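# Survey of secondary and tertiary structure
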Amino acid sequence: MNNNLRKSVYLLLLLLPTLAPALGQTREMAQSQIDKLAKIETDSIASYADSNTYDEEYFAEDEPATIYYPKNLKGRVPAVIVVHGFNCKQKFLQKLPQHLSSHGFICITYTALDQKRPFQWPPGLMAAYQILRGESMRPDSPIYDHVDLDAVALVGHSMGGAGVLHTAMMPYPNGLSGKIKTVVGLNPYNGGPLVAKVGGGANDSLGDDLSELKIPTMILTGSYDILAFPWKSLAFYNSLRGPAKHAFLSIDRMDHADWYFIPSEPKYPILRAIVYSWLRAYLADDPEYRDYFVDRPGSAFDRYLKPHLSNDPNPLTRGGEPFPPYLLSEEGDPLGATN
């Protein structure tokens, strides 16, 4: 070993005791901020589900949609439509609208009646939008004249994730293009293992071409997802064009549903924090929160979100196809180039 190499190794050994605590402090700092963003102020929200929020053609039998809203509503506020995935109910996602409403958003969530194929989701989302719109104009409604209909978002999981992405792109009245300000697909289904294809098809009817979707769009997946493979969800992101902000984020070792199944919910805080930050940035137009989606040293993304992202694949998928831990487009780039 030459002298220069010996000195380098010696210096590294001296630094190791200080590097480990620094890494731990970074993760601790990130988790502390995530917990703060994900906190649900349950005392600040109210909700209702009645005949005015039920559509028998698209919602599960005798199960009206639920509207969550801040108790002290003042003026008009942004609204979010939240929908579940295959073989699920609205209750599985209830913490997400509760969380968003505790931080100032009005939310509506429902249980879909037909949920065997991705193409069945748009009609239900249209019905939820019409109920939200109707409640904002009904004098007896708790949210009367409080919904900002120019600031409505769609958020959906799995098949509902594919459903919201396409509904936001499809022209009105068959879809909600022009009515939606931003959209978030959570583990959006675009085909997966054989068992998933048997249950939900291969998404052939909708496809993964979102090139006509011109609003801020986030694809949020999990590196351990074995039902909606991350590289399948990535295809949605890769088709996006235009100057609007686009994001693809893969949460470290998050599986398809371990963020909402009660009681474990091991990844729910990070997912809630990311969705909330995105909606604050691109639905509520809060410039401070756009820093959570800019990949540069010292940004909120760099400090708080990046430590929770990875492309570490689930061993059960045998590696699959490669996918990145994240991709963030540059706003204003017509081709949606990534950082």
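Coordinates for the structure precede this section.
Residues numbered from 1 in each chain as written. Predicted model: local features only at pLDDT ≥ 70, side-chain atom pairs only at ≥ 80, totals over all residues. Heavy atoms only, no water.

Attention now goes to the overall build of the protein chain. Across its full length, the protein chain holds 8 helices and 9 strands. For the protein chain, contacts bridging at least 24 residues in sequence account for 75% of all contacts bridging at least 6. Accessible surface, the protein chain as shown: approximately 15,200 Å² in total, 52% of it carbon and sulfur. (Helix = DSSP H or I, 4+ residues; strand = E, 2+ residues; numbered from the N terminus. Contact = heavy atoms within 4.5 Å. Areas by Shrake-Rupley, 256 points an atom, 1.4 Å probe, with all protein chains shown as cover.)

It helps to recall that an α-helix has 3.6 residues per turn; residues three or four apart then point in one direction. Summarising burial for helix α4 (residues 159–169): 11 of the 11 residues are buried, a large majority. Buried within α4 are the following residues: Met159, Gly160, Gly161, Ala162, Gly163, Val164, Leu165, His166, Thr167, Ala168 and Met169. (Buried < 20%, exposed > 50% of the residue type's maximum accessible area, 1.4 Å probe, protein only.)

As for its placement among the helices and strands, His246 is situated in strand β8 (residues 246–251). Among the polar contacts made by the side chain of His246, one reaches the main-chain carbonyl oxygen of Ala244 at a distance of 3.2 Å. (Polar contact = N/O pair within 3.5 Å; in protein donor to acceptor, adjacent residues only side chain to side chain.)

Given a rise of 1.5 Å per residue, 17 residues ought to cover 24 Å, and the 25 Å separating the end C-alpha atoms of helix α3 (residues 121–137) matches this to within 8%. Listing the buried residues of α3 in full gives Trp121, Pro122, Gly124, Leu125, Met126, Ala127, Ala128, Tyr129, Ile131, Leu132, Glu135 and Ser136. On its buried side, α3 packs onto β1 (45–48), β2 (66–70), β3 (77–83), β4 (106–110), β5 (147–157) and α4. (Expected span 1.5 Å × (residues − 1).)

Counted according to the given criterion, the structure contains 13 aromatic pairs. The rings of Phe105, Tyr276, Tyr289, Tyr292 and Tyr304 are connected pair by pair, giving a single aromatic cluster. Directly above the ring of Tyr172 sits Lys179, whose terminal nitrogen or CZ lies 4.6 Å from the centroid. The positively charged end of Arg272 is found above the aromatic ring belonging to Tyr268, 4.8 Å away from the centroid. (Phe/Tyr/Trp six-rings, centres within 6.5 Å; stacked < 30°, edge-to-face > 60°. Lys NZ or Arg CZ within 6 Å of the ring centre and 35° of its normal.)

This part is about unusual backbone geometry. That bond from Tyr172 to Pro173 is cis: its omega, 15°, falls within 30 degrees of zero. Within the secondary structure, Pro173 sits in the loop between α4 and β6 (182–186). Its identity is not glycine, yet Ser158 carries a phi of approximately 60°, on the positive side. Here Ser158 lies in the loop between β5 and α4. In this structure, Arg253 takes a positive phi of about 55° despite not being glycine. Note that Arg253 resides in the loop between β8 and α7 (268–282).

Let us look at the environment of Val77. Take Val77: it is sitting in strand β3. Sequence-wise, Val77 and Val152 are 75 residues apart; in three dimensions their C-alpha atoms are separated by 9.3 Å. Apart from residues lying up to four places away in sequence, Val77 is in contact with Gly104, Ile106, His146, Val147 and Asp148.

Moving on: the pairing of β8. In terms of burial, β8 is a largely internal element, 6 of the 6 residues being buried. The alternating pattern of β8 places His246, Phe248 and Ser250 on one face and Ala247, Leu249 and Ile251 on the opposite face, and all of these are buried.

Across the sheet, 9 strands lie side by side as β1-β2-β4-β3-β5-β6-β7-β8-β9; this open sheet has mixed pairing. Looking at which strands have only one partner, the edges of the open sheet turn out to be β1 and β9 (326–328). Along the sheet, successive strands turn relative to each other by an average axial angle of 15°, direction set aside. Sheet strands in contact with α3 are β1, β2, β3, β4 and β5, and its direction is about 140° off that of β4. Strands β3, β5, β6 and β7 (217–222) of the sheet are contacted by α4, whose axis makes an angle of about 140° with β5. (Pairing = 2+ DSSP bridges. Axes fitted to C-alpha atoms, helices over the stretch in contact; angles between N-to-C directions.)

Once that is clear, we can look at the nonpolar core. Among the nonpolar cores identified, the biggest contains 51 residues, and Ile81, Ile106, Tyr110, Leu132, Ile143 and Leu154 are the most heavily contacted of them. Counting only elements with at least two residues in this core, the list comes to β1, β2, β3, β4, α3, β5, α4 and α6 (230–239). By residue number, the principal contributor to this core is α3, which donates 8 residues. Ranked by size, the runner-up nonpolar core spans 46 residues in total, among them Ile34, Leu186, Ala247 and Ala257. (Core = buried A, V, L, I, M, F, W, Y, C linked by side-chain atoms within 4.5 Å.)

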